[in-house]
Protein chains: 2
Amino acid sequence: MNQPPPEPISPPAAPVRGRELRADARRNRERVVAAAQQLFATEGLGVSLDEVARRAGVGPGTVHRHFPTKEALYLAVSIDQIAQLVAEASTLTATDDPAALFTLLSRMIANGIENILVKSALSAIGFDLRTAAPELAHTLTAHVETLLARARTADLARDDVTPREIMALIAGALHAAAYAGEPSPSHLGAIILDGLRPQVR
Amino acid sequence: MNQPPPEPISPPAAPVRGRELRADARRNRERVVAAAQQLFATEGLGVSLDEVARRAGVGPGTVHRHFPTKEALYLAVSIDQIAQLVAEASTLTATDDPAALFTLLSRMIANGIENILVKSALSAIGFDLRTAAPELAHTLTAHVETLLARARTADLARDDVTPREIMALIAGALHAAAYAGEPSPSHLGAIILDGLRPQVR
């Protein structure tokens with residue numbers, strides 16, 4: 001009980017050359033994930049790992065080394081997209097825009113619709129953001145909570161909705177868009193977001 | 001081209017005894033479907049076909065004869081539920097209640113939430129109401145269209161939403177409810193329905 005806290009464990013200092021290699025590998029991985037995201041969104045999930053490598057400008061071995069299966073690449077694309085949304089949420093939270101909640105939710109819906117094929121494939125194999133990337137999911141929900149409180153103060157959001165319900169509604173909006181399969185499914189998202197505003201009868 | 005239309009084909013008149021038997025088989029099937037709906041909704045999908053038979057008050061052979069697999073029973077339950085919704089929609093269309101659209105949509109959501117396990121199981125094996133029961137789906141959408149027009153005339157519904165979008169939003173509401181997994185997910189449905197009302201900014 002009275003033990004001193006354990007010393008923080010520092011990684012051993014890497015030689016410069018090793019560090020450069022690791023940074024290089026990280027950059028290659030990022031290029032692969034970005035290329036895969038673009039190709040899946042525009043060409044569909046039939047794209048081969050070799051095509052992803054070509055688009056990313058790396059050798060096929062690099063892709064296969066980082067992502068032994070297509071599913072591993074889906075997961076990386078999806079988690080990368082969520083990390084980007086967390087970054088956008090962080091930027092929005094740093095402003096004092098009272099409507100920032102709706103900006104963030106619109107971005108989440110637009111991003112989800114763009115990556116609907118990857119998301120559907122992951123959901124078919126039981127992927128759930130809340131278990132696969134719990135910290136990102138938690139951080140994103142926390143930003144939604146902050147922005148919801150701010151929107152409420154400005155009377156821009158209804159009083160009786162929780163951040164957890166909003167996350168469920170975003171999942172519902174993406175499902176509605178996939179169900180409709182229409183060219184401009186973002187209108188469905190806009191209708192759902194309108195339901196979050198204060199309701200005047 | 002000028003041939004007379006073919007004679008309508010009448011089924012041969014069945015002897016009274018045979019007709020009674022068929023009516024009896026139909027009643028048994030209905031009891032099995034109703035019992036299965038209740039058991040799946042309250043006990044989950046782990047319920048055995050034998051338990052369904054016991055609840056329905058029929059022999060196990062009767063259940064197995066009508067429904068060789070659990071999936072066949074899921075499908076029958078789901079289609080039966082939709083047929084009931086079509087009947088409710090028809091009743092609502094026959095009234096002149098301007099808010100009947102929202103009554104119907106609330107019923108669709110409540111019914112879908114009650115049967116969410118069956119719906120999820122069917123959706124996991126690629127079931128889609130629009131292809132599995134196209135006539136019921138079409139009739140239900142037609143009722144939504146009629147009630148939407150009526151609600152608009154009374155300024156109770158927004159102008160820029162189509163019946164097809166509403167069907168997608170209902171699917172989205174059910175997905176949101178399943179995602180939230182909360183005890184009273186109907187609140188999510190209410191929020192989505194609020195988005196369908198005229199929007200005042």
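Residues numbered from 1 in each chain as written. Chains lettered and ligands numbered in written order. Predicted model: local features only at pLDDT ≥ 70, side-chain atom pairs only at ≥ 80, totals over all residues.

## Observations regarding the relation of the copies chain B and chain A
For step 1, the next point in the chain: Turning chain B through 180 degrees and shifting it by 0.0 Å along the axis lays it on chain A, with an RMSD of 0.0 Å. Considering both components of the superposition, the chain copies are consistent with a two-fold axis. (Least-squares fit on C-alpha atoms with pLDDT ≥ 70 in both.)

## As for the domain arrangement of chain A
All names here are of chain A.
For step 1, the next point in the chain: Each domain of chain A was delimited in the assignment, giving domain 1 (15-68) and domain 2 (72-201).
For step 2, the next point in the chain: Domain 1 and domain 2 are separated by 27 Å when their C-alpha centres are compared.
For step 3, the next point in the chain: Each side of the interface is counted separately: domain 1 has 9 residues, and domain 2 has 11 residues.
For step 4, the next point in the chain: When the residues that make up the side of domain 1 that touches domain 2 are grouped by side-chain class, the tally is 7 nonpolar, 2 polar and no charged. (Domains from an automatic or database assignment. Contact = placed C-beta atoms within 7 Å. Nonpolar A, V, L, I, M, F, W, Y, C, P; charged D, E, K, R; others polar.)

## As for the environment of B:Ala177
For step 1, the next point in the chain: Tracing the backbone through its elements, the reader meets B:Ala177 in helix H9 (residues 163-180).
For step 2, the next point in the chain: The spatial distance from the C-alpha of B:Ala177 to the C-alpha of B:Gln38 is 19 Å, given a sequence separation of 139 residues. (Helix = DSSP H or I, 4+ residues; strand = E, 2+ residues; numbered from the N terminus.)

## Notes on the confidence of the model for chain A
Residues and elements named next belong to chain A.
For step 1, the next point in the chain: Considering every residue of chain A, the mean pLDDT works out to 88; 87% of them sit at 70 or more.
For step 2, the next point in the chain: In this model residues 1-12 is a low-confidence stretch, pLDDT under 50, and it forms 0 contacts with partners more than four residues away in sequence or in other chains.
For step 3, the next point in the chain: The ipTM for the predicted assembly is 0.82, set against a pTM of 0.84. (pLDDT = per-residue confidence, 0-100.)

## Examining unusual backbone geometry
As a rule of thumb, non-glycine residues mostly have phi less than zero, and peptide bonds are mostly trans rather than cis.
Residues and elements named next belong to chain A.
For step 1, the next point in the chain: With phi around 60 degrees, Asp155 is a residue other than glycine that occupies positive phi space.
For step 2, the next point in the chain: Take Asp155: it is sitting in the loop between helix H8 (134-153) and helix H9 (163-180).
For step 3, the next point in the chain: Residue Asp155 is classed as exposed on the basis of its C-beta count, with 11 C-beta atoms lying within 10 Å. (Buried ≥ 20, exposed ≤ 12 C-beta atoms within 10 Å, placed from the backbone.)

## A few points about the packing of H9(A) against helix H10 (residues 186-194) of chain B
In a pair of packed helices, the angle between the axes and the distance between the axes together describe the arrangement.
For step 1, the next point in the chain: H10(B) packs onto H9(A) with a crossing angle of 65 degrees between their chain directions and a minimal axis gap of 11 Å. Here H9(A) runs over H10(B); the crossing is right-handed. Facing H9(A), whose interface residues are A:Glu165, A:Ala168, A:Leu169 and A:Gly172, H10(B) presents B:His187, B:Leu188 and B:Ile191. (Axes fitted to C-alpha atoms, helices over the stretch in contact; angles between N-to-C directions. Left-handed = near helix turned anticlockwise from the far one by under 90°.)

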